[in-house]
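# Reading the structure
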Amino acid sequence: MTTMYAALLRGINVGGNRKLPMAELRAVLEELGHTRVRTYLQSGQAVFGAERGDEDTLADGLARAIEKRFGFSVDVIVRDHAYLAAVADACPFPADSLEPKQLHVTYLSRPVTADRFAEIDQAAFRPEEFRLGDRALYLYAPDGLGRSRLADALARPRLTEGLIATTRNWNTVRKLVELTAAD
C-alpha cells in the first residue's frame with residue numbers, strides 16, 4: 001500500500017543560493033522509486049508516494065540523492081499525510097479567523113519540550129505568540145514572519161541545536177495536507 005508523504009527542504013532557492021529546480025527535485029524523487037511526485041511552489045516542498053519506509057529513512061535518502069546530484073547538502077524533513085493533517089487540526093490558534101501570513105508552523109525533526117524555549121519571555125513579544133505541538137512549533141505573528149521579532153528569537157542557534165527546523169506559512173500547511181490526501 002502506498003503512503004503519501006511531503007518532503008520539506010530547508011533553505012533552498014532563497015536569495016539565489018542553493019538553487020534546486022523543482023523539475024529536477026521531482027526527477028530525483030522518481031529516481032528513488034517514488035510515485036505520484038509533485039512539487040509545490042519553488043521553496044522546497046514535494047509530495048510523493050512510497051510503498052514503505054519510515055520518515056527518517058526517506059528524508060536521509062532524499063538528502064543524500066540531492067547532495068550527490070547538486071553538490072550541496074540540504075536538510076530534509078519527511079512527514080506523512082496523517083501527521084500533516086494532525087498538525088493542522090491541532091493548531092492552537094484560530095486559523096480560520098487569521099490571515100494565512102499571520103500563522104506559521106515550524107516542523108521539527110524530533111520532539112522538543114518547553115524547557116528548550118524557557119529562556120523566551122513570551123510576554124515581551126506580545127501580541128506575537130508561539131505554542132509547541134507534536135514535532136511542531138506554531139507561531140502567531142500578526143505582522144507576518146518577515147517582521148517577527150519572536151521568529152528571530154526562536155531561530156537562535158542554541159535553541160535549534162541538534163534539530164532540523166523548517167517553517168511554512170498556513171497556506172502551505174493546508175496545501176500539503178491537501179496534496180498528500182489519498183485520491
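Described below are features of the structure shown in this document. Just so you know, these numbers come straight off a predicted model, no measurement behind them.

Let us now look at the pairing of strand β7 (residues 136-140). A regular strand places its side chains so that they alternate between the two faces of the sheet. For β7, a buried count of five out of five residues is recorded, marking the element as mostly surrounded by other parts of the structure. Judged by which residues are buried, β7 turns out to be covered on both faces: A136, Y138 and Y140 on one side and L137 and L139 on the other are all buried. Both strand β6 (residues 129-133) and β7 contribute to a ladder of five bridges, which runs antiparallel. By the bridge assignment for β7, G133 is matched with A136. Linking two consecutive strands that pair antiparallel, namely β6 and β7, is a turn of two residues; a positive phi of about 55° is found at R135 within it.

Cis peptide bonds are those with omega within 30 degrees of zero, and the linkage from R126 to P127 qualifies with 10°. Examined against the element boundaries, P127 turns out to sit in the loop between β5 (103-108) and β6. Of note, the phi angle at R36 is positive, near 50°, even though the residue is not glycine. As for its position among the elements, R36 is in strand β2 (residues 35-40).

Our next topic: the pattern of salt bridges. Summed over the entire model, instances satisfying the criterion amount to eleven salt bridges. For the salt bridge of R69 with E24, the shortest nitrogen-to-oxygen distance reads 4.0 Å. With R69 in helix α2 (residues 55-70) and E24 in helix α1 (residues 22-31), this residue pair connects regions lying 45 residues apart in the sequence. Judged by its relative accessible area of 37%, R69 falls in the partly exposed class. Here R79 makes a salt bridge to E55, at a shortest N to O gap of 3.4 Å. One end of the pair, R79, is in strand β4 (residues 75-80); the other, E55, is in helix α2, and 24 residues separate them in sequence. A residue is classified by how much of its surface remains accessible, and R79, at 1% relative accessible area, is buried. Several salt bridges share partner residues, and in doing so they unite E55, R79, D134 and R135 into one network.

A few words on the environment of D143. Mapping D143 onto the fold places it in the loop between β7 and α4 (149-154). Each C-alpha atom of the pair D143 and Q102 lies 6.5 Å from the other, and the pair is 41 residues apart in sequence.

Moving on: the sheet that holds β7. Taken together, four strands build an open sheet; the order of strands is β6-β7-β5-β8 and the sheet is antiparallel. If you trace the sheet from one side to the other, it starts and ends with β6 and β8 (165-169), each paired once. Neighbouring strand axes in the sheet, compared pairwise and without regard to direction, differ in orientation by 20° on average. The pairing of β5 with β7 spans five bridges and is antiparallel. Directly across from Y107, in β7, lies its bridge partner A136. Packing of helix α3 (residues 81-89) onto the sheet brings it into contact with β5 and β7, and relative to β5 it is tilted by some 140°. Along the sheet face, helix α6 (residues 170-180) touches β5 and β8 and points at about 95° away from the line of β8.

Reading guide: rules and limits
Residues numbered from 1 in each chain as written. Predicted model: local features only at pLDDT ≥ 70, side-chain atom pairs only at ≥ 80, totals over all residues. Heavy atoms only, no water. Buried < 20%, exposed > 50% of the residue type's maximum accessible area, 1.4 Å probe, protein only. Helix = DSSP H or I, 4+ residues; strand = E, 2+ residues; numbered from the N terminus. Pairing = 2+ DSSP bridges. Salt bridge = Lys/Arg side-chain N within 4 Å of Asp/Glu carboxyl O. Axes fitted to C-alpha atoms, helices over the stretch in contact; angles between N-to-C directions. Contact = heavy atoms within 4.5 Å.

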